[in-house]
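What follows is the residue order along each chain.
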Amino acid sequence: MDTCGVGCVALGEAGPVGNMTVVDCPGQEVLNQLDVKTSSETASTETSIEMSLPGFEDSLDEGKLPPEQESVSRLEQQDLSSEMSKVSKPRASKPGRKRGGRTRKGSKRPQQQPNPPPAPLVPALLDQSNPLSAPMPKKRGRKSKAELLLLKLSKGIEPPKSPPPKRPPEDFETPPGERPRRKAAQVALMYLQELAEELSTTLPAPVPCPESPKESSPPEPEVTIMQQEACQGGEEETDAAAQDEDFVFQVETEDEEESETSSESSSDSEPAMSRSTPRGSTSVKQKPHCRGVAANGLPNYIMAPVWKCLHLTKDLREQKHSYWEFADWIPLAWKWRLLSELEAASYLPQEEKSPLFSVQREGLPEDGTLYRINRFSSVTAHPERLDVSFFTGGPLWALDWCPVPEGAAASQYVALYSSPDMNETHPLSQLHSGPGLLQLWGLGTLQQESCPGSRAHFVYGIACDHGCIWDLKFCPSGAWELPDTPRKAPLLPRLGLLALACSDGSVLLFSLPHPEALLAEQPPVPSLLSLQVQCVATLQVGAIQASEPPECGQCLSLAWMPTRPHHHLAAGYYNGMVVFWNLPTNSPLQRIRLSDGSLKLYPFQCFLAHDQAVRALQWCKANSHFIVSAGSDRKIKFWDLRRPYEPINSIKRFLSTELAWLLPYNGVTVAQDNCYASYGLCGIHYIDAGYLGFKAYFTAPRKGTVWSLSGSDWLGTIAAGDISGELIAAILPDMALNPVNVKRSVERRFPIYKADLMPYQYGSEGQDHSTASPGNPSPPKARTYAETVNHHYLLFQDTDLGSFHDLLQREPMLRMQEEEGHSLLCLDRLQLEAIHKVRFSPNLDSYGWLVSGGQSGLVRIHCVRGLTSPLAHRMQLESRAHFSAVFQPSSPSEEPDFPPPSHRILPFP
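Residues numbered from 1 in each chain as written. Predicted model: local features only at pLDDT ≥ 70, side-chain atom pairs only at ≥ 80, totals over all residues. Heavy atoms only, no water.

A. Inspection of the nonpolar core at higher detail. Ranked by internal contacts, the top residues of the largest apolar core, which has 68 residues, are L298, F357, L727, F750, I752, F796 and L867. With eight residues, the top contributor of residues to this core is helix 9 (residues 300–320). Beyond its immediate sequence surroundings of up to four residues, L867 is in contact with N296, L298, M303, V306, L715, T717, I731, F750 and F804. With 42 residues, the next largest nonpolar core counts V404, L440, L482 and F510 among its residues. (Core = buried A, V, L, I, M, F, W, Y, C linked by side-chain atoms within 4.5 Å. Buried < 20%, exposed > 50% of the residue type's maximum accessible area, 1.4 Å probe, protein only. Helix = DSSP H or I, 4+ residues; strand = E, 2+ residues; numbered from the N terminus. Contact = heavy atoms within 4.5 Å.)

So this is what it looks like as structure tokens:
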């Protein structure tokens with residue numbers, strides 16, 4: 001080889017190492033001119049070989065050469081191409097990590113190369129200043145690659161792997177032997193990374209605003225630490241891994257918030273809300289952690305959805321609720337007729353005494369007191385646990401709270417229906433009519449901090465002759481006014497509008513007055529106030545032209561339109577029909593005024609929703625265009641009322657008994673009968689409506705039939721009562737995210753109380769009873785109410801709901817978990833302990849209170865104080881200040897017109 005290292009060389013054909021033959025070299029004066037430059041570049045030859053990264057040669061600038069050297073270079077290239085054709089092409093190495101270096105200034109000249117094969121674009125290795133720059137020409141005056149290759153071969157060193165030249169990202173051609181590299185694929189993988197991070201987020205922003213990825217400038221992925229170490233260490237990987245290197249993203253492995261142990265130190269009661277990063281952002285999203293334990297003893301990742309629901313419910317109710325609706329339906333005093341004791345006897349429940357019962361409260365000493373209370377009587381609230389019990393006289397089958405505006409701080413009322421006979425049964429396939437009593441109970445001003453001022457009391461009853469009342473619903477808002485509203489006689493201040501679903505197929509609408517105003521208009525009355533009143537409207541199926549109404553069967557479920565102006569009411573019938581009425585309609589085809597002054601309304605829309613009875617209806621509280629129905633055909637169907645000819649989604653799973661559609665979520669919580677349930681899957685499920693495509697979330701397992709289910713929009717919590725007499729509550733996770741990542745769901749549910757039927761024996765010497773000892777034989781299985789109460793009493797075991805510290809180790813929680821897996825049901829006797837109806841309070845002033853009742857006729861009220869928070873208390877204070885500013889009492893002398901208003905109505909936003 002030439003001493004200056006400039007001459008062209010070629011491989012010989014003799015030796016194993018290869019003999020070098022010097023070809024014709026340029027003139028001596030040309031070599032003298034390049035002597036100085038060659039000596040400095042020869043010293044850095046070894047370093048340039050080891051640093052042969054993609055585009056490293058191109059990062060160095062070139063100096064301008066004289067014309068003589070350019071001609072010599074062309075000769076070298078021709079000879080080199082003829083000689084190098086005998087040499088096999090070396091294998092391309094994996095691109096390594098680009099090292100920093102400073103470039104020298106100089107003019108650049110494109111290199112003449114014969115169509116180099118394109119290579120995949122590596123975003124992490126591009127020059128950030130000019131990612132779309134063209135390949136740079138090879139520098140003149142330095143050793144060629146062939147010479148460097150021969151130097152390596154002569155020294156016994158492995159030949160370097162020359163990297164393929166870069167190509168611009170706009171080139172979407174498929175290189176030979178490689179798969180195409182497209183920007184769309186990078187954007188798609190970035191979208192999957194964003195989606196994975198969103199699904200693993202526990203506390204998203206209150207109002208998510210998803211943004212589409214920016215295709216014009218996709219974010220550049222980051223290389224993981226392991227990849228950087230591999231590039232620095234020079235580890236070799238397979239060709240597939242080298243080709244897919246530009247599709248590797250940085251995904252940090254993080255555990256779910258559910259894996260956080262409860263032994264961590266307590267933190268603030270409310271974690272900071274997470275900041276959502278729009279897709280397409282180049283910044284790495286940090287996953288927020290809800291670590292620590294809240295003040296009530298539950299982990300913060302469990303309480304985070306509760307705090308989120310408080311904000312969402314408050315904001316949405318301000319938008320969707322109204323202060324005043326149905327101004328024409330005001331109670332009239334002359335329509336309310338007081339019944340004598342003889343007339344009211346046929347409407348009253350038959351049982352005058354409640355069954356014996358006892359209450360054991362967790363953490364308090366047991367006194368073993370047995371209670372037996374009279375019909376329409378109650379037990380004084382416990383001074384510490386605040387629970388109340390009262391007896392309605394018969395099995396409870398319908399229950400609902402009277403809505404009160406936020407901040408009213410008024411007395412709370414519940415309306416309920418109890419069957420007159422404890423052993424009465426009703427076949428659903430036939431219409432049934434008969435006497436019954438609709439009961440209204442006052443609960444006082446319920447407070448979470450202190451005991452109610454008075455015990456629950458029976459306010460008044462409404463005598464009905466329409467058979468069993470299967471469901472009843474209050475108007476969600478706009479039907480309540482202040483009790484001291486001055487109205488000119490015979491008008492009475494209105495408490496609410498109540499709709500009844502009756503077993504004779506009719507739907508009745510009542511306008512209920514405040515009890516104080518009604519009692520002031522009545523003469524001195526006995527202790528039991530039973531009244532007969534004419535309903536303001538009767539809702540009937542069919543049309544005016546029809547001679548007879550169609551046979552739709554019994555009305556089993558109701559749903560009032562949740563958004564203002566609440567003009568629509570939906571009902572589900574035995575034959576599978578769902579019927580809708582427009583309540584304030586003036587159409588002569590839908591509205592008839594009867595001779596007694598009442599109204600008869602006909603539906604404006606109806607469709608066949610199920611093949612069998614419609615057991616439950618629920619309206620979407622955020623958008624009144626959507627409704628969900630559950631039927632005896634084991635199907636749950638989601639409907640868009642703008643196109644009711646087919647459901648949005650139809651799911652056939654099991655026999656559903658009741659639904660709860662909470663405000664923030666795109667799905668329903670379903671209670672089920674255990675007759676069609678698979679083994680181990682009977683209980684409560686959350687089912688997505690189909691928009692998000694989430695799988696069903698198993699909220700809580702139950703052994704027996706779950707008769708009732710209720711959800712609290714304020715707490716994001718559901719409560720369920722079943723045939724075994726157990727009332728449980730479960731805090732739902734954030735259902736805006738995929739619930740498949742939720743772990744240890746047992747931490748999210750807890751028992752409220754458990755009712756057991758305990759045997760007892762009559763004693764002597766004045767003792768009314770004594771508990772049966774384990775050695776004594778158990779009483780025979782009773783099939784009637786009289787046989788059951790003669791040998792048994794009810795034992796209520798209440799959980800301490802004020803705190804949830806060490807919840808998993810407490811006795812009620814251990815008992816619940818044991819009965820979920822190993823309890824046995826005895827279905828050949830009267831289930832006196834069964835819970836038929838459960839309802840959370842929808843009012844902000846009493847959002848933590850829960851009422852439940854069942855076969856025994858005993859109704860119990862509990863306060864879940866452990867789920868209350870300072871945030872909700874602050875909302876209550878703000879709502880009371882706003883209510884006081886809106887409802888300003890005015891004297892009758894200032895506004896003598898009829899009727900004098902006591903408040904002003906805010907305009908709709």
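What follows picks up the thread again.
B. Region of interest: the sheet that holds strand 23 (residues 626–631). Strand order across the open sheet formed by four strands is 22-23-24-25, with antiparallel pairing between neighbours. The sheet terminates laterally at strand 22 (614–619) and strand 25 (649–652), the two strands that pair on one side only. The average angle at which neighbouring strand axes cross in this sheet is 15°, direction not considered. Of the pairings in the sheet, the one linking strand 23 to strand 24 (residues 635–640) comprises five bridges and is antiparallel in character. (Pairing = 2+ DSSP bridges. Axes fitted to C-alpha atoms, helices over the stretch in contact; angles between N-to-C directions.)

C. The arrangement of the state of the cysteines in detail. Scanning the model with the defined rule gives zero disulfides in all. Note on C682: no disulfide assigned, nearest cysteine sulfur contributed by C675 at a separation of 8.9 Å. For C682, a relative accessible area of 8% gives the class buried. (Disulfide = S-S within 2.5 Å.)

D. Seen up close, the pattern of salt bridges. Within the structure shown, the criterion is met by 25 salt bridges. Residues D640 and R642 are paired through a salt bridge, measuring 3.1 Å at the closest nitrogen-oxygen approach. Here D640 falls in the buried class, since its relative accessible area comes to 9%. Put simply, R744 and E747 hold a salt bridge, and the shortest N to O gap is 2.8 Å. Judged by relative accessible area, which is 14%, E747 ranks as buried. (Salt bridge = Lys/Arg side-chain N within 4 Å of Asp/Glu carboxyl O.)

E. View of the packing of helix 9 against helix 14 (residues 870–886). The geometry of helix 9 relative to helix 14 is characterised by a closest axis approach of 10 Å and an angle of 20° between their N-to-C directions. Judged by the angle between their axes, helix 9 and helix 14 are roughly parallel. Helix-helix and strand crossings are classified by hand; for helix 9 and helix 14 the assignment is left-handed. Side by side, helix 9 and helix 14 meet where W307, L310, H311 and K314 of the first sit next to L871, A872, M875 and S879 of the second. Residues of the contact of helix 9 with helix 14, tallied by class, amount to five nonpolar, two polar and one charged. (Parallel < 35°, antiparallel > 145°, perpendicular 65-115°, else oblique. Left-handed = near helix turned anticlockwise from the far one by under 90°. Nonpolar A, V, L, I, M, F, W, Y, C, P; charged D, E, K, R; others polar.)

F. Quick look at the environment of Q447. Looking at the secondary structure, you find Q447 in the loop between strand 9 (436–444) and strand 10 (457–464). In sequence terms Q447 and R865 are 418 residues apart; their C-alpha atoms lie 9.8 Å from each other. Not counting residues within four places of it along the chain, the set of residues in contact with Q447 comprises L386, W849 and R880.

G. Layout of the sheet that holds strand 11 (residues 469–474). Within the open sheet, the six strands sit side by side as 11-12-13-15-20-19. Their pairing is mixed. Two strands lie at the open edges of the sheet, namely strand 11 and strand 19 (591–593), each paired on one side alone. Across the sheet, the axes of successive neighbouring strands diverge by a mean angle of 25°, strand direction being ignored. As judged from the three bridges shared by strand 15 (residues 537–539) and strand 20 (residues 599–601), these two strands associate in the parallel manner. In the sheet register, A537 faces strand 20, and the bridge partner there is L599.

H. Layout of unusual backbone geometry. Residue P490 follows A489 across a cis peptide bond; omega there is 10°. Inspection of the secondary structure assignment puts P490 in the loop between strand 11 and strand 12 (494–502). Cis peptide bonds are those with omega within 30 degrees of zero, and the linkage from R564 to P565 qualifies with 10°. Turning to its location among the elements, P565 is positioned in the loop between strand 16 (555–560) and strand 17 (568–573). Even without being glycine, H566 reaches a positive phi, approximately 60°. Tracing the sequence through the fold places H566 in the loop between strand 16 and strand 17.

I. A look at the packing of aromatic side chains. Tallying each qualifying case throughout the model produces 17 aromatic pairs. Here R494 stacks its cationic end above the ring of W324, 4.5 Å away from the centre of that ring. Above the plane of the ring of Y753 lies R860, whose end atom (NZ or CZ) is 5.1 Å from the centre. (Phe/Tyr/Trp six-rings, centres within 6.5 Å; stacked < 30°, edge-to-face > 60°. Lys NZ or Arg CZ within 6 Å of the ring centre and 35° of its normal.)

J. Focus on helix 14. With 17 residues, helix 14 should cover 24 Å at 1.5 Å per step; its first-to-last C-alpha distance of 24 Å lies within 8% of that length. L871, A872, M875, Q876, S879, F883 and V886 are the residues of helix 14 that are buried. One side of helix 14 carries all its buried residues, which in axial view fall inside an arc of 135°. The exposed set on the far side of helix 14, more than 90 degrees from its buried face, consists of P870 and A881. Contact partners of the buried residues in helix 14: helix 9. (Expected span 1.5 Å × (residues − 1). Arc of directions from axis to C-beta.)

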